[in-house]
Amino acid sequence: MVDDKTAEEFAVYMKKFNDLYEYLASLVQRHSSSSHPFILDLGAGPGLLSVEIFRKIPQATIIGIDPLIKMLKLANGNVKNADFQTFEPVVGVSENIPLKNNTVDMIVSRFSLPYWTQPKKSFQEMMRVLKPGGKVVFEALNRDFPTWKLSLIKIRMLFNRAGRDVTRYHVDAYKLAHTVNQVEQFFTDAGFTISEKEGKKSEWRFIIVAEKK
Ligand SMILES: C[S@@+](CC[C@H](N)C(=O)[O-])C[C@H]1O[C@@H](n2cnc3c(N)ncnc32)[C@H](O)[C@@H]1O
């Protein structure tokens, strides 16, 4: 868990990488079967992904779940500043998603997995709340990313004025991250069918799209 100051600095720094959120949002749009989907942003952080999803799918309703109240306050502010109203911030965790069975059209989650204390249970929870035919668009840090390249990221972040705490927050997450194979296994063990994969073994992140058939 990060403190409030690091959460705020993280939100400011990540705004420089809008293209990454925009790209993920375009995948969400492509995989959405509705023009007014009910979407869960799991580990929503400062809500930057939710904002980009609203830009692509303005009629969406998004529930942003995160255990950190500070992150949810930032998310609510960012979404409302962008003039989207149908966002609901909810305190919660992936291990016990506060939603009823078969209620969500899509789940998005970006770089939250390293912090999930019970990944297996969390994937079962995603399966439980998703409607049949619903999809998960999941982006994860790659555990197989070479350590020497991680040092380069650290230097670049410090050079780009991410600050020491945000740099540590990002770099330390790789120590808790998972490989593509592990994440595929979490999905298949929970009963999902994988429909798309992006990212090479040497890249710093990967994306998996999975479906509840
Ligand atoms: C690196 S941030 C990513 C935030 C956002 N998804 C983004 O890409 O900008 C990871 C987020 O996961 C949240 N988180 C930590 N443990 C969690 C859990 N068990 N369930 C859901 N979210 C969690 C953290 O509070 C944090 O906001």
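Everything here concerns the structure above.
Residues numbered from 1 in each chain as written. Predicted model: local features only at pLDDT ≥ 70, side-chain atom pairs only at ≥ 80, totals over all residues.

**Concerning helix α1 (residues 4–14)**
So, point 1. Of all the positions in α1, only Ala7, Glu9, Phe10 and Ala11 are classed as buried.
So, point 2. Buried positions along α1 lie against α4 (69–81) and α7 (164–176). (Buried ≥ 20, exposed ≤ 12 C-beta atoms within 10 Å, placed from the backbone. Helix = DSSP H or I, 4+ residues; strand = E, 2+ residues; numbered from the N terminus. Contact = placed C-beta atoms within 7 Å.)

**Structural notes on the nonpolar core**
So, point 1. Counting residues in each nonpolar core, the largest one holds 58 residues, and the members touching the most others are Leu40, Ile53, Ile107, Val108, Met126, Val137 and Phe187.
So, point 2. Of all the elements, strand β5 (residues 130–141) adds the most residues to this core, at 6 residues.
So, point 3. Ignoring sequence-local partners within four residues, the contact set of Phe187 consists of Phe123, Phe192, Ile194, Ile208 and Ala210. (Core = buried A, V, L, I, M, F, W, Y, C linked by C-beta atoms within 7 Å.)

**What about the site of the ligand?**
So, point 1. For the ligand, the set of nearby residues contains 20 residues, the closest of which are Gly43, Gly45, Ser94, Ser112 and Tyr115.
So, point 2. Grouping the amino acids of the shell around the ligand by side-chain chemistry returns 13 nonpolar, 4 polar and 3 charged. (Near = placed C-beta within 6 Å. Nonpolar A, V, L, I, M, F, W, Y, C, P; charged D, E, K, R; others polar.)

**Re the pairing of strand β7 (residues 205–211)**
So, point 1. Across 7 bridges, the pairing between β5 and β7 is antiparallel. The residue of β7 that forms the bridge with Val136 is Ala210.
So, point 2. Note that strand β6 (residues 193–198) and β7 share 5 bridges and pair antiparallel. Bridge pairing in β7 places Ile194 opposite Ala210.
So, point 3. In textbook terms, the turn of a hairpin is the stretch between consecutive antiparallel strands, and for β6 and β7 this stretch comprises 6 residues, one of which, Gly199, has a positive phi near 115°. (Pairing = 2+ DSSP bridges.)

**Some details on the packing of helix α6 (residues 147–159) against α7**
Any two packed helices are characterised by how steeply their axes cross, that is the angle between the axes, and by the distance between the axes.
So, point 1. Taken N-terminus to C-terminus, the directions of α6 and α7 make an angle of 165°; their axes are 10 Å apart at the nearest point. Classified by the angle their axes make, α6 and α7 are roughly antiparallel. For the pair α6 and α7, the sense of crossing is right-handed. Contact residues: α6 offers Leu150, Ile153, Lys154, Met157 and Leu158, while α7 offers Thr167, His170, Val171 and Tyr174.
So, point 2. Looking at the contact of α6 with α7 residue by residue, the classes come out as 6 nonpolar, 2 polar and 1 charged. (Axes fitted to C-alpha atoms, helices over the stretch in contact; angles between N-to-C directions. Parallel < 35°, antiparallel > 145°, perpendicular 65-115°, else oblique. Left-handed = near helix turned anticlockwise from the far one by under 90°.)

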